[in-house]
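An overview of the molecular structure
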Amino acid sequence: MKKKYIITTLVLMFLICILTPISGDDYGNYISTTGKLSESIDIAIHYYNVLEGRFIGRIIIMFTTYHKFLWNIITPLIFTLMLAALSKFIKNTSALIILLAGILLLNSDMFSQSYTWLAGSITYLYPTSLIIFYNIYIYYHQEKYKKIDYFILIPLSIIIPMFVENLGCAFVLGNFILLGYKYYKKIKIPKIHIITTTLSLLFLTIMILSPGSAQRSLTENITFNNLNLFEKIIYNIPNFNTYVFFKNSLMIIITIIPIIYYLIKKNKKIFIIFFSIIPILSIINNMYYTLPMKFEFLQNLSIINTQNKIYLVYWIIYTLLFIISINYIIKDKKEKHFIYFMLTLSLSSVGIMFILPTWGDRIVLFNTITLTFIGTILIDKIMPSKKLINKSFKLLYLLIFIYFLMCFISIFRINNYREKYIKKQLEEDKQIIEVVRNPFMYVWNNNPQSDYFIRTYKSYVSIPKEKDIEITELSYKKYIKIILGVE
């Protein structure tokens, strides 16, 4: 039964990728090459020296953006690889559907930055999926390794650290924890663990110490770089509150269920009411981000000021209670240790961001998926198995499938209309080219506004440099006609 949902999700992700237009930085990446792999490698080498150390990720970005059909195939496969690995810990189909809902119904910014923006998905979804697969693979193969395991784990230990810094650090930390655990337990350390740990540390170092990373650090965020360590941490507390917790409503719901279960079992019912107030308010506060289109009147709800640093105290208590609920619900010692291990990696991937200036929804993807995964495991242990419940969750999955399919068919048709309309205006030799605004937020920076995005978008759709563009918003009636194909 689980295989059916995994395969169906593979199909859904494949359809989403096909229907997704390139956007944001993808415009610039697309026009930077003529599709040759050698050009992508040359650009990655150049970036390594002047901009960033993310060598592997940059090659994949440059090559697959031009050849988007490759991204259409690779992305659903990598996403499904992660899902298949996570599903090994899930017994009930209903719990698997909860997990699927949790990793699909992200806030629209995280979804667009991590799944449908080519550069963002390659930089964050790919290493997130591979780290999860890598560690679950080791969990199920740690007794003895065959030659095939070397061919799987060694390449991953080279590739994963060269996508993005915070995930590379978490991955290397995980390898060292595995070595330390075996040494502490006086277990013979497999040769493959020594090799993968050494390689992952080496390639992480190569990425972090790149000339491009050093140069970028000197020229960007100068004010932040001048802060001392304590000041940097204080500065980033609002970012931590906002991106790790407040904007992730469904993750909060999934992780708070086992906490409430634990509190009920311990007769702390009064505390439940008090403890649930902030999550409920944050969910209402984030309706603006949970809908496929952003409505301005919802943006002004401002029920909670996420910039208030005092909320960190609440999230620390929240995390501690979540850990206690893990200890209470999970009985199998090996499984419990693995869950703590994954929780440590996820928190470390965001913890390191306290000393870095650049935050965003995509940066906490690994943490969000991991916490959702752990919360689902706990729900799986306490969920009653009843036919009515199972049928309800099957219906939920069907609705999610239809919802995303409708959203991306709409996105595809609006984008097609926009490009045809641009072509028509160019044929009429208009000086100001109207670019129809795409109202769906499941595609990142799809409506070019800043100078860089305007310049690269004009080049991507062959608008002459001397012409100006203007983003035009249509009436909802007009959008509906475009989506239905009657316009």
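In short, a report on the structure. (Residues numbered from 1 in each chain as written. Predicted model: local features only at pLDDT ≥ 70, side-chain atom pairs only at ≥ 80, totals over all residues. Heavy atoms only, no water.)

1. Focus: the overall build of the protein chain
As a reminder of what qualifies: Starting at the N terminus, helices and strands are each numbered in turn, a helix being any DSSP run of H or I of at least four residues and a strand any DSSP run of E of at least two. With C-alpha atoms as the basis for the radius of gyration, the globule rule is written as 2.2 Å multiplied by the number of residues raised to the power 0.38. For every residue, the accessible area obtained with a 1.4 Å probe (protein chains only) is divided by the maximum for its type, and the residue is called buried under 20%, exposed over 50%, and partly exposed between those limits. Any two residues whose heavy atoms approach within 4.5 Å at even a single point are treated as in contact. When charges are counted, neither His nor the chain ends are considered; positive counts come from Lys and Arg and negative counts from Asp and Glu. To locate a charge, the coordinates of NZ of Lys, CZ of Arg, CG of Asp or CD of Glu are taken.
Across its full length, the protein chain holds 24 helices and 2 strands. Here the C-alpha atoms of the protein chain give a radius of gyration of 23 Å, agreeing with the 23 Å that 2.2 N^0.38 yields for 487 residues. Expressed as lengths along the three principal axes of its C-alpha atoms, the size of the protein chain is roughly 75 × 50 × 50 Å. Per-residue burial over the protein chain gives 52% buried out of 487 residues. Long-range contacts, defined as pairs at least 24 residues apart, comprise 78% of the intrachain contacts of the protein chain with a sequence gap of at least 6. In the protein chain, which carries 50 positive and 27 negative side-chain charges, the distance between the mean positions of the two groups comes to 17 Å.

2. Quick notes on the nonpolar core
Counted only if it meets this: Nonpolar cores were defined as sets of buried Ala, Val, Leu, Ile, Met, Phe, Trp, Tyr and Cys residues, with membership established by side-chain atoms within 4.5 Å.
Counting 141 residues, the largest nonpolar core has Tyr115, Trp315, Tyr318, Phe404 and Phe408 as the members making the most contacts within it. For this core, the element with the highest residue contribution is helix H8 (residues 118–141), accounting for 15 residues.

3. Quick notes on the packing of aromatic side chains
Quick note on the threshold: In summary, the pairing rule links any two rings of Phe, Tyr or Trp, Trp by its six-membered ring, whose centres are within 6.5 Å, and it sorts them by plane angle into stacked for under 30 degrees, edge-to-face for over 60 and tilted for everything else. Note on criteria: charge over ring means Lys NZ or Arg CZ within 6 Å of the ring centre, with the direction from the centre no more than 35 degrees off the ring normal.
Inspection of every chain in the model, using the stated rule, returns 38 aromatic pairs. Look at phenylalanine 246 and tryptophan 315: their rings are 5.3 Å apart centre to centre, the planes differ by 80 degrees, and that puts the pair in the edge-to-face class. Remark: tryptophan 315 occurs in helix H19 (residues 311–329) and phenylalanine 246 occurs in helix H14 (residues 229–246); sequence separation between them is 69 residues. Each member of the pair phenylalanine 246 and tryptophan 315 is classed as buried. Residue placement shows lysine 88 over the ring face of tyrosine 140; its charged tip is 5.7 Å from the ring centre.

4. Quick look at the state of the cysteines
Operational definition: In what follows, a disulfide is any cysteine sulfur pair within 2.5 Å.
One pass over the full model with this rule turns up 0 disulfides. Its sulfur unpaired, cysteine 17 is 15 Å from the next cysteine sulfur, which belongs to cysteine 407. Using a relative accessible area of 1% as the deciding quantity, one classes cysteine 17 as buried.

5. Quick notes on the packing of H19 against helix H21 (residues 365–382)
What counts here: Under this scheme, a helix contributes an axis fitted over its contacting stretch, all axes are lines through C-alpha atoms, and angles between N-to-C directions fall in the 0 to 180 degree range. An angle counts as roughly parallel when it lies under 35 degrees, as roughly antiparallel when it exceeds 145, as roughly perpendicular when it falls between 65 and 115, and as oblique in every other case. Each crossing gets its hand from how the near helix is turned against the far one by less than a right angle, where anticlockwise is left-handed and clockwise is right-handed. Put simply, Ala, Val, Leu, Ile, Met, Phe, Trp, Tyr, Cys and Pro go in the nonpolar bin, Asp, Glu, Lys and Arg in the charged bin, and everything else, Gly too, in the polar bin.
With their axes 10 Å apart at the nearest point, H19 and H21 run at an angle of 40 degrees to one another. Classed by the angle they form, the pair H19 and H21 counts as oblique. Along this stretch, H19 crosses H21, giving a crossing that reads as left-handed. Residues Phe322, Ser325, Ile326 and Ile329 of H19 touch H21, and the partners they reach there are Leu371, Ile374, Gly375, Leu378, Lys381 and Ile382. The residue makeup of the contact of H19 with H21, split by class, is 7 nonpolar, 2 polar and 1 charged.

6. A few points about the packing of helix H10 (residues 165–184) against helix H20 (residues 333–351)
Running from N to C, H10 and H20 cross one another at 145 degrees; their axes reach a closest spacing of 8 Å. The element H10 and its partner H20 pack so that their crossing is right-handed. Note on element contacts: H20 touches H10 through His337, Phe341, Thr344, Leu345, Ser348 and Ser349, opposite Asn166, Leu167, Ala170, Leu173, Gly174, Ile177, Leu178 and Tyr181. Taken together, the residues that form the contact of H10 with H20 break down as 8 nonpolar, 6 polar and no charged.

7. Section: helix H1 (residues 2–19)
A turn of α-helix holds 3.6 residues, and therefore any two residues three or four places apart point the same way. The test is simple: Each residue after the first adds 1.5 Å to the expected span of a helix. Arc definition: it is the arc formed by the directions from the helix axis to the C-beta atoms.
The end-to-end C-alpha distance of H1, which contains 18 residues, comes to 26 Å, matching closely the 26 Å that a straight helix rising 1.5 Å per residue would cover. Buried within H1 we find Tyr5, Ile6, Thr9, Leu12, Met13, Ile16, Cys17 and Leu19. Viewed end-on, H1 has its buried residues packed into an arc of 165 degrees, placing them on one side of the element. Relative to its buried face, H1 has exposed residues pointing more than 90 degrees away, namely Lys3 and Ile7.

8. Regarding the pairing of strand S2 (residues 468–472)
Where we set the bar: Whether two strands pair comes down to DSSP finding at least two bridges between them. If you view a crossover with the strands going away from you and the path from the first strand over the helix to the second runs clockwise, you call it right-handed.
As judged from the 5 bridges shared by strand S1 (residues 432–436) and S2, these two strands associate in the parallel manner. Looking at S2, one finds that isoleucine 432 is bridged to aspartate 468. With respect to chirality, the unit in which S1 leads through helix H23 (residues 451–460) into the neighbouring parallel S2 is right-handed.

9. Remarks on the pattern of salt bridges
To keep it simple, the criterion reads: What makes a salt bridge here is a side-chain nitrogen of Lys or Arg within 4 Å of a carboxyl oxygen of Asp or Glu, nothing more.
In this structure the tally under the stated criterion is 8 salt bridges. Where aspartate 109 meets lysine 247, a salt bridge forms, and the shortest distance between an N and an O atom there is 2.9 Å. In this pair, aspartate 109 is assigned in helix H7 (residues 108–116) and lysine 247 in the loop between H14 and helix H15 (249–265), connecting sequence segments 138 residues apart. Exposure class is identical for aspartate 109 and lysine 247. Each is buried. A salt bridge links lysine 430 to glutamate 428, with the shortest nitrogen-to-oxygen separation between them at 3.7 Å. Take lysine 430: its relative accessible area is 36%, and that puts it in the partly exposed class. Overall, the relative accessible area of 42% leaves glutamate 428 in the partly exposed class. Via salt bridges that share partners, Asp109, Lys247 and Asp361 belong to a single interconnected network.

10. Let's talk about H23
Taken together, the buried positions of H23 are Phe453, Thr456, Tyr457 and Lys458. Positive backbone phi, approximately 65 degrees, marks serine 462, located one or two places after H23.

11. Section: the environment of leucine 229
Checked against the element boundaries, leucine 229 lands in helix H14. Judged by its relative accessible area of 54%, leucine 229 falls in the exposed class. The spatial distance from the C-alpha of leucine 229 to the C-alpha of threonine 358 is 15 Å, given a sequence separation of 129 residues.

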